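# Architecture and fold: a report
Here is how the chains run, residue by residue.
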Amino acid sequence: ASIGQGGLSAHPSDLLVGMRAYQAWKEAQKRTPPGVFWPVADQERWCSDHFLSLTRLHEIDVEVIEILDVLQEIGLHEGVSQRERMEMRLLQQQLVHSEVRQWCGSRGRSDAAASLSRLLQRSKNHDDELVLLWCLTTSFIHGVAEIEAASCNDC
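The structure reproduced in this document is the subject of the present report.

Analysis parameters
- Residues numbered from 1 in each chain as written.
- Predicted model: local features only at pLDDT ≥ 70, side-chain atom pairs only at ≥ 80, totals over all residues.
- Heavy atoms only, no water.
- Helix = DSSP H or I, 4+ residues; strand = E, 2+ residues; numbered from the N terminus.
- Buried < 20%, exposed > 50% of the residue type's maximum accessible area, 1.4 Å probe, protein only.
- Contact = heavy atoms within 4.5 Å.
- Salt bridge = Lys/Arg side-chain N within 4 Å of Asp/Glu carboxyl O.
- Phe/Tyr/Trp six-rings, centres within 6.5 Å; stacked < 30°, edge-to-face > 60°.
- Axes fitted to C-alpha atoms, helices over the stretch in contact; angles between N-to-C directions.
- Parallel < 35°, antiparallel > 145°, perpendicular 65-115°, else oblique.
- Nonpolar A, V, L, I, M, F, W, Y, C, P; charged D, E, K, R; others polar.
- Core = buried A, V, L, I, M, F, W, Y, C linked by side-chain atoms within 4.5 Å.
- Expected span 1.5 Å × (residues − 1).
- Arc of directions from axis to C-beta.

## Structural notes on the overall build of the chain
Each helix and strand in the chain was counted, giving six helices and zero strands. Reading the secondary structure of the chain in the N-to-C direction produces α-α-α-α-α-α. Burial status across the chain gives 21% buried among its 155 residues. Sequence separation of 24 or more characterises 47% of the internal contacts of the chain that already satisfy a separation of 6 or more.

## Looking at the pattern of salt bridges
Enumeration over the complete set of coordinates arrives at seven salt bridges. Three or more residues are tied together by salt bridges with common partners; here these are Arg-56, Glu-59 and Glu-63.

## Some thoughts on the packing of aromatic side chains
This structure, assessed with the given rule, holds two aromatic pairs. Arranged with centres 6.2 Å apart and planes meeting at 70 degrees, the rings of Trp-38 and Trp-46 form a pair that is edge-to-face. Summarising the burial analysis for this pair, Trp-38 and Trp-46 share the class buried.

## Section: the packing of helix α1 (residues 14–30) against helix α3 (residues 54–73)
Running from N to C, α1 and α3 cross one another at 90 degrees; their axes reach a closest spacing of 10 Å. Regarding the angle of α1 to α3, the classification is roughly perpendicular. Facing α1, whose interface residues are Ala-21, Tyr-22, Trp-25 and Lys-26, α3 presents Leu-54, Leu-57, His-58, Ile-60, Asp-61 and Val-64. Taken together, the residues of the contact of α1 with α3 sort by class into seven nonpolar, one polar and two charged.

## Quick look at the nonpolar core
For soluble globular proteins, nonpolar side chains are generally found buried alongside one another. Tyr-22, Trp-25, Ala-28, Trp-38, Val-40, Trp-46, Cys-47, Leu-54, Leu-57, Ile-60, Leu-91 and Leu-95 form the largest nonpolar core, which has twelve residues in total. Secondary structure elements with two or more residues in this core: α1, α2 (40–49), α3 and α4 (82–106). Look past the residues within four positions of Val-40 in its chain and what remains in contact with it is Leu-54, Leu-91, Gln-94 and Leu-95.

## Things to note about α1
Between its first and last C-alpha atoms α1 spans 24 Å; for 17 residues at 1.5 Å apiece the expected length is 24 Å, and the two agree. Listed in full, the buried residues belonging to α1 are Ala-21, Tyr-22, Trp-25 and Ala-28. Angularly, the buried residues of α1 cover 120 degrees about the axis, an arc narrow enough to put them on a single face. In α1, those exposed residues whose orientation departs by more than 90 degrees from the buried face are Leu-15, Arg-20 and Lys-30.

## Regarding α2
For an α-helix the count is 3.6 residues per turn, leaving residues at separations of three or four pointing the same way. For α2, the set of buried residues is Val-40, Gln-43, Trp-46 and Cys-47. All buried residues of α2 project into a common sector of 120 degrees when viewed along the axis, lining one side. Two residues or fewer after α2 comes Phe-51, characterised by a positive phi angle close to 60 degrees.

## Quick word on unusual backbone geometry
The backbone of Phe-51 shows a phi angle near 60 degrees, a positive value even though the residue is not glycine. Within the secondary structure, Phe-51 sits in the loop between α2 and α3. Residue classification places Phe-51 among the exposed positions, given a relative accessible area of 77%.

By themselves these figures say nothing about function.
Laid out in structure tokens, this is it:
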């Protein structure tokens, strides 16, 4: 980067550009009416229009909340509201569901549960089973996946 008469402010670092992109995304979220969740498809379109990654912005959002939690613990911040936490969790779930639909769709499969069932039935490698079980368990622990309804037919 050249340091002209404008100094470094004319060419901000990647970190500052990333921070401004994150702030712009958060501002766009705030324009959503209260009580209405900004759909993932709309967020992905907004990110595409601005050459950003929704997955990366969400990762940054998780990191920001973790930092704010630490600051709250030591008394330097009021913390993050339950509404913000719920919105982040919903976004995380929608992102994962969107990625699963894309993955299944790219392979000609429309039913993620059936795909998972076939994968479990086909697995002959114990290590593959352990990795898959770890992924599933982690998804439930971090709230990415949850069981809404089940029947004996689903087992």
